[in-house]
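Read off the chains here:
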Amino acid sequence: MQYRPYQQEIIQKGSDIIARYSFLYLAMEVRTGKTLTSFGIAQAIKVSSVLFVTKKKAISSIEKDYELLQPSFNIQIINYESLHKIEGKYDLIIFDEAHGMGAFPKPSKRAKQAKLLVMQNKCYVILLSGTPTPESYSQMYHQVFFCTNNPFGMYKNFYRFADDYVEVVERKFNSMPVRDYSGGHISIIEKMKPFTITYTQKEAGFLVENKEQVLLVDIDPKTLNMIRQLKKDLVIQGKTEDILADTAVKLMSKVHQLCSGTVKFESGNSMVLDYSKANYIKNYFAKKKIGIFYKFKEELSALKEVFKDNVCTTLEEFDKTNKNIALQIQSGREGISLKNAEALVYYNIDFSATSYWQSRDRMTTKDRRKNNIYWVFSRKGIESQIYKTVTNKKDYTLSHFKSDIKRI
């Protein structure tokens, strides 16, 4: 296996940085080879044992990269949910999709476990992400607060860090004053520059064009009537189950579900009410091998019912057969390659701008020239409004919904 020239340069530069500071942030965009480059750095600094932490769905892909490279170091590859099970000693820990540890103002469970693990091992750290701060520069603090020599180490917690690096704003949430810490200064990124290597798809020579198309589906009139009744009465009572939307957040969630033909009842049970979208996708893409992203679990049930044995949920089966694959947006948006798909098809859309920007790049390779991406929206639903918001790099929030629900 041969590294590309730019990867060789990054390996050399990254080895120097980690040797000096004990940690490195590789902010390399999707498909530029973050994983293999991090393995090259591990080889260069001559570590013998590596722990690679990633998402569960990405483990098989990381294993293939390790087998392809056949490096001299031993490796254990685990998902973030298994951090508490780790035993043994490691010279280097690599945290894939590190932005997932960026919650603030308090550290997430994942970030706390990562900190404990690094402190126990007293090891080198490499952080990997194509989007280190997708929603706020404030997300950087808890990604690096456990790294030796990180530039914010003099602050005992996020709140003291925020005194110098965050424009804190007080907002009202349900009539209660809440401090908003999302206004991180660009100086956070400036401080991280000595520890960070960035690299874009454009710099790597990628010429791919993302061609997106919105497809509108007429959902069952009964489903649309349920949405309108829920909007008016905030409750739909059935013989055995109830749909309750007694808060604005619940109403937003229920309407979002119903627009794609599913619902979660007040009891916790859920079901498919309308197969319009699933049938449309099957018919429209009948001759294509596609990757399908869904939002709610019952949407997968609808796809399985309509596609029967022609849909799978694992990359291994997708890559070895002619079946289509269905992945939940949240778990499938990072760390996997859908290069064998002829198109990406979205059964629904997530409220997160991060989900939009990351998931649509899953087909990208250096040799591919065009990604065909399709969004399947209900004609009178809220999905089109969500799409307009997230494409402008903003999350879809309750304030957006309160305006949009008036149009249904």
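The coordinates are above.
Here is a short report on the structure shown in this document.

Rules of the game
- Residues numbered from 1 in each chain as written.
- Predicted model: local features only at pLDDT ≥ 70, side-chain atom pairs only at ≥ 80, totals over all residues.
- Heavy atoms only, no water.
- Helix = DSSP H or I, 4+ residues; strand = E, 2+ residues; numbered from the N terminus.
- Buried < 20%, exposed > 50% of the residue type's maximum accessible area, 1.4 Å probe, protein only.
- Polar contact = N/O pair within 3.5 Å; in protein donor to acceptor, adjacent residues only side chain to side chain.
- Core = buried A, V, L, I, M, F, W, Y, C linked by side-chain atoms within 4.5 Å.
- Contact = heavy atoms within 4.5 Å.
- Salt bridge = Lys/Arg side-chain N within 4 Å of Asp/Glu carboxyl O.

**A short note on the side chain of Ser-129**
Piece 1. Tracing the backbone through its elements, the reader meets Ser-129 in the loop between strand S5 (124–128) and helix H5 (141–144).
Piece 2. What makes Ser-129 buried here is its relative accessible area of 0%.
Piece 3. Of note is the side chain of Ser-129, whose polar atom sits 3.0 Å from the backbone nitrogen of Thr-131.

**Re the nonpolar core**
Piece 1. Ranked by size, the top nonpolar core spans 69 residues in total, and within it Phe-95, Leu-127, Phe-146 and Phe-152 carry the most contacts.
Piece 2. Counting residues in hydrophobic clusters, the runner-up holds 43 residues, among them Leu-230, Met-252, Ala-353 and Tyr-387.

**Some words on the side chain of Ser-15**
Piece 1. Tracing the backbone shows Ser-15 in helix H1 (residues 5–21).
Piece 2. Judged by relative accessible area, Ser-15 falls into the buried class, the value being 9%.
Piece 3. With sequence-adjacent residues up to four places away left out, Ser-15 is seen in contact with Ile-10, Ile-41, Ala-44 and Ile-45.

**Thoughts on the pattern of salt bridges**
Opposite charge on two side chains permits them to pair, given that their charged atoms come into close proximity.
Piece 1. In this structure the tally under the stated criterion is 12 salt bridges.
Piece 2. The salt bridge involving Arg-171 is made with Asp-180; its shortest N-O contact spans 2.6 Å.
Piece 3. Its salt-bridge partner being Arg-379, residue Asp-218 comes within 2.7 Å of it at the nearest N-O pair. With a gap of 161 residues between them, Asp-218 in the loop between strand S9 (209–217) and helix H8 (221–233) and Arg-379 in the loop between strand S18 (370–378) and helix H15 (383–390) connect regions that are remote in the sequence.
Piece 4. Classification of Asp-218 as exposed rests on a relative accessible area of 53%.
Piece 5. We classify Arg-379 as partly exposed; its relative accessible area is 44%.

**Here we look at the environment of Lys-323**
Piece 1. Secondary-structure assignment places Lys-323 in the loop between helix H12 (315–320) and strand S16 (324–328).
Piece 2. Between the alpha carbons of Lys-323 and Leu-216 there is a distance of 24 Å; along the sequence they are 107 residues apart.
Piece 3. For Lys-323, the contacting residues outside a window of four places in its chain are Lys-289, Asp-309, Asn-310, Val-311, Cys-312, Glu-317 and Phe-318.
Piece 4. A distance of 2.6 Å separates polar atoms of two side chains, one belonging to Lys-323 and the other to Glu-317.

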